[in-house]
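A structural walkthrough
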Amino acid sequence: MTDEDDTPRTAFRWIREHLSVFIGVLGLLAWFVMLWLMFGDVL
């Protein structure tokens, strides 16, 4: 089984394919920072 295109995988293409993962991780980190800033004194 081969890919549709046999062009070499560049860093830009890899980042574009995994952009949703990066956005998800950044969103999760931002959520934890928000919780820490809101409830840090209680924790």
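The next subject is the overall build of the chain. Of regular secondary structure, the chain possesses 2 helices and 0 strands. Going through the 43 residues of the chain one by one, you find that 2% of them count as buried. About 4,300 Å² of surface is accessible on the chain, with carbon and sulfur atoms providing 72% of the total.

Together, Leu-28, Trp-31, Phe-32, Met-34, Met-38, Phe-39 and Val-42 give the surface a local cluster of nonpolar side chains, amounting to about 740 Å² of exposed area. Accessibility expressed as a relative area gives 45% for Phe-32, which makes it partly exposed.

A few words now on the pattern of salt bridges. Enumeration over the complete set of coordinates arrives at 1 salt bridge. Across the salt bridge formed by Arg-13 and Glu-17, the nearest N and O atoms sit 3.2 Å from each other. Of this pair, Arg-13 and Glu-17 both sit in helix H1 (residues 11-17), 4 residues apart, which is roughly one turn of the helix.

The rules we used
Residues numbered from 1 in each chain as written. Predicted model: local features only at pLDDT ≥ 70, side-chain atom pairs only at ≥ 80, totals over all residues. Heavy atoms only, no water. Helix = DSSP H or I, 4+ residues; strand = E, 2+ residues; numbered from the N terminus. Buried < 20%, exposed > 50% of the residue type's maximum accessible area, 1.4 Å probe, protein only. Areas by Shrake-Rupley, 256 points an atom, 1.4 Å probe, with all protein chains shown as cover. Patch = residues over 30% accessible without salt bridge, like charges linked within 9 Å, V, L, I, M, F, W, Y side chains within 5 Å. Salt bridge = Lys/Arg side-chain N within 4 Å of Asp/Glu carboxyl O.

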